[in-house]
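Chain and residue survey
Each chain, letter by letter, is given below.
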Amino acid sequence: MIPLELYLLLASTMFTIGLYGLVTQKNGVKLMMCIELLLNSANINLVAFSAYQPNVNGQVFALFSIALAAAEAGIGFAILISLYRLYGTIDLDNINVMRW
Amino acid sequence: MLYQDYAYLIVALPVLAFVLCIFFGWHLPRGGGFLTVLATFAGLILSIGIFQEIYPDKIVHQSMPWFANFNVGILIDPLAIVMLLMVTFVVTLIHTYANGYMNGDPGAARYFAEAALFTAAMLGLVYSDNLLQLFIFWELVGLCSYLLIGFWYRKPSAAAAAKKAFLTTRVGDVLFLAAIILLYNNLAALPITLRPGEYLLQFPVIYAHIAEIPPDQLTLIALGLLGGAVGKSGQFPLHVWLPDAMEGPTTVSAMIHAATMVTAGVYLVARMFPLFYAAPYGLTAVAAVGAFTALFAATMGLTAFDIKRVLAFSTVSQLGFMMAGLGVGAAVGAFAVGVSIFHLIGHSFFKALLFLCAGSVIHAVNTNDMREMGGVGKYMKWTMYTMLIGSLSLAGFPFFTGFFSKDEIIVIAYEYGVVINFLPYIFLIAAAILTAIYTFRMWFSVFTGSPRSDYGKHESPWVMLGPLVILAVFAFGFGLAAQEPFYEYLDSNFEHYGVNFEELGIIGGHAAEGEHAAAAEGEEAAAEEEHGEPFIIQILPIIIALGGILLAGLFYWDKIKRFEPDRVTGENDPIRRILLKGYYQHEIFTQWFAETVVYGTALIMNMIDIKLVDGWLNWLSGWVLGFAGNLRRVQTGIVQNYVTALVLGIVVLVVVIQVAKVVIL
């Protein structure tokens, strides 16, 4: 059986990549993808702990999380599409109306 | 049916007349003036009825709760009833006269409405049973005087005079209010158990507990009350509004000067006389203010050319007499109240008479300036003789009202001099000489000689002359008929409340042991003082009155003229100029005090306000605004920055928590 640490390592690696992308990337779609990475790294954690501690709660919670991620992605892409219609771009550096 | 059950109507009816006149007066003949006359006349009938019921040894006291510690009530004691009788009587005549005088004025309805309210306020003031209610009516009187002095408000000088009267009396009113608050606090601090129906500011309660209030507090209260009286009664230094109040219709001047306004101040001091008596320096201050004002105003009356201004200065001067009469009560006790109020009543008769006569003259001649009159007597016989009676009375000619009232004040001032200080006596004697001189300077230069300008020559209608004749009868006979019973009646005023003047006198410091000894010796000493020793004191006022009249005649009556006024005091005579300028009061009060001191202080205060008070506030708000302006640059609108901040924040939090864990555990 694969030790738990490896799962945790994978999850934190994914999380770090996602976070890095979130901070550095300008493209809206890429940001959405990074958010997915963050969410899924959390899901991996949930499932891994659930498997190692015989308890199905974590896996159920991961299912919820996936559904949530789907909804979030739907809304996020809808926002990006309307931003594109409005500005002709989804480069978030150019979309900075909510500032001082 | 008892008249006293309807005592409230004395005020309610004029108020009703006010309401009717102000709303419906436009549709009534002569502005509804008859309503005002009727309302006041009903008050007179009621007052007479009540007087008959309570004379000589009862009082009327009705009261009902108002709110908290206060009540509204009616208190008619000897002091109040004589005032009620005088005010209703004189004002009824003045209103009747006004029906003729104001005839044809487009604002007649407004005039009669305001005059009715004025009367109501004064009557309410007189029979209030507590100090707070008195103060409310006091303020109402002030308001009505403002409205009436500024009756011809389109005339700038009238508007200014009204404002001046209002603001000047306001100074006194603030002091009065302060005194009421102080008195209330002091009474509330005492362990008084009030019976049902008793309230702290009621006069009987105040009288009963004066002796328990600390003397220094009493002095403060007395000075505050005196401040109010000084403002209302036009005493120095707040007398400046009174001569200017001539801007209103003459009937208003008559009302203000004779019955309804300026007497309120004297009445207040008389009403609170036990408190003044108990307060160290209280009566001394009253005497000083009164005596000084009496002389001060009389000198200005000597030079005025406006007939109404002469009378105004004379009012100020006579009010000074009344104040001084109360003040010298330090030596003679409650007797002074009778003397002073007697002069007040007598003065209201002859001063109302003089003003109405002056109004009659002005009505015919159409000018106020005595230099343009002269010889008016040929055309206005009735006015001339009634005014002569008024003038003789004012000058203190023997057996006229003024002779009995004013000279009694001078006599008790002499007694005050024997016991304490002769200064008030000297001032009053000097003022009495001047009174005789300026009064007859006025009379001679208006009615005798030859016309000095082309004026209207006709006698006034009978609606105006009637009141003159009635007032003249009283100005002549009232003093002779009423003096002794009046003094006795008013002497009993404070006995109804069990005021112990000996005890109060010891607190006030003017009933020293020596005087107690004298009192123990009985009436003898007093009798000696009054009748035996100072014969010259008794007849000096007569000599003064006759001498003053003669002197005025030598200058101004063409039949016996010996001196030319202009030769004695030329145009450039410094004293004459000072008097004409009214001691440069306008320059001192307005130009120096108001425009330099007050305005300068205001400018400095304004600078301080802008630079200091506003300054640091503006600096603070400026700093906050600048800081926020820098801080908001954090909101870049770039999502990545937000995320970075978020992550950094979490990292910092985690580190802090870990470190804290290690440190604490």
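Look up: the structure comes first, before these words.
Residues numbered from 1 in each chain as written. Chains lettered and ligands numbered in written order. Predicted model: local features only at pLDDT ≥ 70, side-chain atom pairs only at ≥ 80, totals over all residues. Heavy atoms only, no water.

A closer look at the packing of helix α3 (residues 78-101) of chain B against helix α16 (residues 335-365) of chain B
Residues and elements named next belong to chain B. Here α3 crosses α16 at 0 degrees, and the two axes come no closer than 11 Å. Here α16 runs roughly parallel to α3, going by the angle between their axes. On α16, the residues touching L79, V82, M83, M86, F89, V90, I94, Y97 and Y101 of α3 are V337, I341, L344, I345, S348, F349, A352, L356, G359, S360 and H363. Grouping the amino acids of the contact of α3 with α16 by side-chain chemistry returns 16 nonpolar, 4 polar and no charged. (Axes fitted to C-alpha atoms, helices over the stretch in contact; angles between N-to-C directions. Helix = DSSP H or I, 4+ residues; strand = E, 2+ residues; numbered from the N terminus. Parallel < 35°, antiparallel > 145°, perpendicular 65-115°, else oblique. Contact = heavy atoms within 4.5 Å. Nonpolar A, V, L, I, M, F, W, Y, C, P; charged D, E, K, R; others polar.)

Examining the state of the cysteines
Enumeration according to the criterion identifies 0 disulfides over all chains in this entry. No disulfide involves C21 of chain B; its nearest neighbouring cysteine sulfur is the one of C144 of chain B, lying 13 Å away. (Disulfide = S-S within 2.5 Å.)

Observations regarding the interface of chain B and chain A
Taken together, the 12 residues of chain B in the interface contact 14 residues of chain A. Here chain B meets chain A over a buried area of about 1000 Å², counting both sides, of which 61% is carbon and sulfur. One can count 0 salt bridges joining chain B with chain A. Our count for the chain B to chain A interface comes out at 1 residue pair in polar contact (both at pLDDT 80 or more). Here the side of chain B that touches chain A is composed, by residue class, of 5 nonpolar, 5 polar and 2 charged. (Buried area = accessible area lost by both parts, 1.4 Å probe. Salt bridge = Lys/Arg side-chain N within 4 Å of Asp/Glu carboxyl O. Polar contact = N/O pair within 3.5 Å; in protein donor to acceptor, adjacent residues only side chain to side chain.)

Thoughts on the pattern of salt bridges
Residue and element names in this part refer to chain B. Taken as a whole and assessed by the stated rule, the structure comprises 6 salt bridges over all chains. We note a salt bridge from R271 to D77, for which the minimum N-O separation is 2.7 Å. Of the two residues, R271 sits in helix α11 (residues 262-271) while D77 sits in the loop between β2 (70-76) and α3, which places them 194 residues apart along the sequence. D77 shares its class with R271; the two are buried. Between E247 and K155 there is a salt bridge, with its nearest N and O atoms 3.3 Å apart. With E247 in the loop between α9 (241-244) and α10 (250-260) and K155 in the loop between α5 (131-149) and α6 (156-189), this pair connects stretches of sequence that are 92 residues apart. Take K155: its relative accessible area is 37%, and that puts it in the partly exposed class. Linked by salt bridges that have partners in common, E139, R170 and D173 make up one network. (Buried < 20%, exposed > 50% of the residue type's maximum accessible area, 1.4 Å probe, protein only.)

Notes on the nonpolar core
Membership of the largest hydrophobic core comes to 209 residues, with the highest contact counts inside it found for I76, Y111, L131, L183, M272 and I341 of chain B. Considering each element in turn, this core owes the most residues, 20 residues, to α16 of chain B. Residues within four places of L183 of chain B in sequence aside, it is in contact with L131, L201, I206, I213, I221, M272 and L275 of chain B. Judged by nonpolar contacts, the second largest core, of 12 residues, contains L22, C34, L83 and I90 of chain A. (Core = buried A, V, L, I, M, F, W, Y, C linked by side-chain atoms within 4.5 Å.)

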